[in-house]
Amino acid sequence: MSSLALVLLLLVLGTLILTGLNQQLESFRSLVNGESVSLRRQADVQSLLEWGRMQRWLLQPEQQCKQRQSLRVCLRVLSEDRVLLIAGDNDLTLWRGGEIAEGRVRFSPHGWSDFCPLKESALCRLP
């Protein structure tokens, strides 16, 4: 009888341990999925910014946007010689500065920025 009770006790303890491990695994899986989605979105916005960099932009109007899937990329003419390329959605935005030279838009070779490069943050939002 005592050996049967010991087997049942081991069975109950094993079940509790496995249940705890399963909960921990589900928690880690949720974290990894969230990180994966975040990385995918970041890559999508970076790709969109690069796509926008390769587009032909006009110097007028001062704000122009193009859409690709659910994301938008916009060019904002800041002055006679400065532009800002903005890509993203409401939650994630990337920027790339540029200049107007010889009547064409040329973007900075230094790459993108993940923070607004302007003092006035309203100019950094997607229109």
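Structure: above.
Model, not experiment: these values are computed from the prediction. (Residues numbered from 1 in each chain as written. Predicted model: local features only at pLDDT ≥ 70, side-chain atom pairs only at ≥ 80, totals over all residues. Heavy atoms only, no water.)

What follows deals with unusual backbone geometry. With the exception of glycine, most residues fall at negative phi, and the peptide bonds are largely trans. For the bond from Gln60 to Pro61, the omega torsion is 0 degrees, close enough to zero to count as cis. Of note, Pro61 is situated in the loop between helix H1 (2–54) and strand S1 (63–68). Positive phi values are uncommon outside glycine, yet Glu102 reaches one of about 55 degrees. Within the secondary structure, Glu102 sits in the loop between strand S4 (93–101) and strand S5 (104–107). Owing to a relative accessible area of 72%, Glu102 belongs among the exposed residues under this scheme. (Helix = DSSP H or I, 4+ residues; strand = E, 2+ residues; numbered from the N terminus. Buried < 20%, exposed > 50% of the residue type's maximum accessible area, 1.4 Å probe, protein only.)

Before going further, it helps to spend a moment on the sheet that holds strand S2 (residues 71–77). Strand pairing in a sheet is mediated by backbone hydrogen bonds. Such pairs are either parallel or antiparallel. Ordered by their spatial adjacency, five strands build an open sheet running S1-S2-S3-S4-S5, and the pairing between neighbours is antiparallel. Edge positions in the sheet fall to S1 and S5, since each has one partner strand and no second. In this sheet, neighbouring strand axes are inclined to one another by 25 degrees on average, regardless of whether the strands run parallel or antiparallel. Here S4 pairs with S5 via four bridges, running antiparallel. If you follow Ala101 over to S5, its bridge partner there is Arg104. (Pairing = 2+ DSSP bridges. Axes fitted to C-alpha atoms, helices over the stretch in contact; angles between N-to-C directions.)

A complete count under the given rule lists two disulfides for this structure. Across the disulfide from Cys65 sits Cys74; the S-S distance is 2.0 Å. Its torsion about the S-S bond being 105 degrees, the disulfide of Cys65 and Cys74 is classed as right-handed. Overall, the relative accessible area of 38% leaves Cys65 in the partly exposed class. The connectivity of the disulfide bonds within the protein chain can be written as 1-2, 3-4, using the sequence rank of each bonded cysteine. (Disulfide = S-S within 2.5 Å.)

Another point: the environment of Ser79. If you trace the backbone, Ser79 turns up in the loop between S2 and strand S3 (82–88). For Ser79, a relative accessible area of 31% puts it in the partly exposed group. Separated by 47 residues in sequence, Ser79 and Leu126 have C-alpha atoms that sit 18 Å apart. Side chain to side chain, Ser79 and Asp81 meet in a polar contact 2.9 Å long. (Polar contact = N/O pair within 3.5 Å; in protein donor to acceptor, adjacent residues only side chain to side chain.)

Another point: the packing of aromatic side chains. Scanning the entire structure with this criterion turns up zero aromatic pairs. The lysine or arginine in question, Lys66, covers the ring of Trp57, its NZ or CZ lying 4.7 Å from the ring centre. (Phe/Tyr/Trp six-rings, centres within 6.5 Å; stacked < 30°, edge-to-face > 60°. Lys NZ or Arg CZ within 6 Å of the ring centre and 35° of its normal.)

Below, the discussion takes up H1. Since the α-helix packs 3.6 residues into each turn, any two residues three or four apart lie on the same face. Between its first and last C-alpha atoms H1 spans 78 Å; for 53 residues at 1.5 Å apiece the expected length is 78 Å, and the two agree. Of all the positions in H1, only Val45, Leu48, Leu49 and Gly52 are classed as buried. Looking at the buried residues of H1, the elements they touch are S1, S2, S3, S4 and S5. (Expected span 1.5 Å × (residues − 1). Contact = heavy atoms within 4.5 Å.)

The tally for this structure, following the rule as stated, stands at five salt bridges. Taking the shortest distance from any N to any O, the salt bridge between Arg29 and Glu26 comes out at 2.9 Å. Of this pair, Arg29 and Glu26 both sit in helix H1, three residues apart, roughly one helical turn. With a shortest N-O distance of 3.1 Å, Arg41 and Asp89 are connected by a salt bridge. Taken together, the residues Arg41 in helix H1 and Asp89 in the loop between S3 and S4 connect sequence positions 48 residues apart. (Salt bridge = Lys/Arg side-chain N within 4 Å of Asp/Glu carboxyl O.)

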